[in-house]
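# Observations on chain architecture
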Amino acid sequence: QVQLVESGGGLVQAGGSLRLSCAASGRAFSLYAMGWFRQALGKEREFVTAISWSGGTTYYADSVKGRFTISRDNAKNTVYLRMNSLKPEDTAVYYCAAARYRYGSSPDEYDYWGQGTQVTVSS
């Protein structure tokens, strides 16, 4: 069992930056690939980015490529999402998720989820 807690969300103006954190507790964090998803009001949950168990491989949705950066610190059991050049369309609840055996862009590939943190980007 893995518990995930996101933090760092808030209100920011367009063009600004935020860093989200996701702290994990429970089973060995380094055994899990990690992902970030987001869900805007009235829309389906969508993939943002993912990082491999060691942190050596990362994937990004086209909509955030070049603006967002995922990283992890296995010693601190934490994954981060650095978000730069934020746009109003980035407004959503952001969720981190953990995948034990395989991971990708589908929510179905992830085993554990956090409660989410709200990010609001004003124009």
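My aim in this report is to walk through the structure given alongside it, one point at a time. (Residues numbered from 1 in each chain as written. Predicted model: local features only at pLDDT ≥ 70, side-chain atom pairs only at ≥ 80, totals over all residues. Heavy atoms only, no water.)

### A closer look at the pairing of strand S9 (residues 92-99)
Burial analysis of S9 places 7 of its 8 residues in the buried class, which makes it a mostly covered element. Pairing of strand S4 (residues 33-39) with S9, which is carried by 7 bridges, proceeds in the antiparallel orientation. When the bridges of S9 are listed, Gln 39 appears paired with Val 93. Here S9 runs beside strand S11 (residues 117-122); their pairing, made up of 3 bridges, is antiparallel. By the bridge assignment, Tyr 94 is partnered in S11 with Thr 117. Of the strand pairs in this sheet, S9 and strand S10 (residues 112-113) are connected by 2 bridges, and their pairing is antiparallel. Residue Ala 98 lies in a different strand from S10, and its bridge partner there is Tyr 112. (Buried < 20%, exposed > 50% of the residue type's maximum accessible area, 1.4 Å probe, protein only. Helix = DSSP H or I, 4+ residues; strand = E, 2+ residues; numbered from the N terminus. Pairing = 2+ DSSP bridges.)

### So, the packing of aromatic side chains
Evaluated as defined, the whole model comprises 7 aromatic pairs. Relative to Tyr 112, the ring of Tyr 32 has its centre 6.0 Å away and its plane inclined at 70°; by these criteria the two rings are edge-to-face. Of this pair, Tyr 32 sits in the loop between strand S3 (18-26) and S4 while Tyr 112 sits in strand S10, and the two are 80 residues apart along the sequence. Across the pair, Tyr 112 and Tyr 32 agree in class, each one buried. By way of ring pairs, the aromatic residues Phe 37, Phe 47, Tyr 110 and Trp 113 are connected into one cluster. Here the guanidinium or amino end of Arg 45 rests over the ring plane of Tyr 95, the centre of that ring lying 3.8 Å away. (Phe/Tyr/Trp six-rings, centres within 6.5 Å; stacked < 30°, edge-to-face > 60°. Lys NZ or Arg CZ within 6 Å of the ring centre and 35° of its normal.)

### Notes on the state of the cysteines
According to the stated counting rule, one finds 1 disulfide in the structure shown. There is a disulfide in this structure between Cys 22 and Cys 96, and the S-S distance comes to 1.9 Å. Between Cys 22 and Cys 96, the S-S dihedral sits near 50°, and the bridge is therefore right-handed. On the criterion of sequence distance, the pair formed by Cys 22 in strand S3 and Cys 96 in strand S9 is long-range, its members being 74 residues apart. Looking at Cys 96, the relative accessible area reads 0%, which means it is buried. (Disulfide = S-S within 2.5 Å.)

Nothing here speaks to function; it is geometry throughout.
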